[in-house]
Amino acid sequence: NLKNEEEKQKAEKRMTDKECLRCKGKMLDYGPVTFKLGEETYFFSDINRLVSGSLNLNVLVCENCGKAEFYVSDRKELEEVTEEI
């Protein structure tokens with residue numbers, strides 16, 4: 001029971017005011033994640049990824065259905081990435 005209480009408290013700390021687009025459940029904030037940009041190829045894969053950079057995103061996950069949503073942490077960073085595309 002103590003473990004369940006700890007899990008509930010952790011979930012409450014991560015609770016956001018956002019609603020799941022699929023099932024209308026509560027969204028939990030799983031924090032920032034860095035996604036590497038660039039193609040994965042057999043040759044020069046590491047170099048391609050280094051040149052392409054990365055994008056920092058916040059991850060929200062629905063506590064009911066498990067759907068994940070990604071939000072750009074910094075709008076300025078998003079503008080830089082879309083300019084490169």
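Our structure is the block above this text.
Let me sum up the structure you'll find in this document. A quick note: this is a predicted structure, and the numbers were derived from the prediction, not measured.

Here we look at the overall build of the protein
Scanning the protein from terminus to terminus reveals three helices and four strands. Secondary structure of the protein in N-to-C order comes out as α-β-β-α-β-β-α. Buried residues in the protein amount to 19% of all 85 residues. The contacts of the protein with a sequence gap of at least 6 include a subset with a gap of at least 24, amounting to 42%.

Some words on a nonpolar patch on the surface
There is a patch of nonpolar side chains on the surface, built from Val33, Phe35 and Phe70 and spanning about 240 Å² of accessible area. Within the secondary structure layout, Val33 lies in strand β2 (residues 26–36).

Here's the deal with the side chain of Glu69
Along the chain, Glu69 falls in strand β4 (residues 68–72). Polar contacts involving the side chain of Glu69 include one to the side chain of Tyr71, which spans 2.5 Å. Each residue touching Glu69, except ones within four places of it in the same chain, is listed here: Cys20, Leu21, Met27, Asn58, Val59 and Leu60.

Concerning the pattern of salt bridges
In total, this model carries one salt bridge according to the counting rule given. Between Lys67 and Glu69 there is a salt bridge, with its nearest N and O atoms 3.4 Å apart.

Analysis parameters
Residues numbered from 1 in each chain as written. Predicted model: local features only at pLDDT ≥ 70, side-chain atom pairs only at ≥ 80, totals over all residues. Heavy atoms only, no water. Helix = DSSP H or I, 4+ residues; strand = E, 2+ residues; numbered from the N terminus. Buried < 20%, exposed > 50% of the residue type's maximum accessible area, 1.4 Å probe, protein only. Contact = heavy atoms within 4.5 Å. Patch = residues over 30% accessible without salt bridge, like charges linked within 9 Å, V, L, I, M, F, W, Y side chains within 5 Å. Areas by Shrake-Rupley, 256 points an atom, 1.4 Å probe, with all protein chains shown as cover. Salt bridge = Lys/Arg side-chain N within 4 Å of Asp/Glu carboxyl O. Polar contact = N/O pair within 3.5 Å; in protein donor to acceptor, adjacent residues only side chain to side chain.

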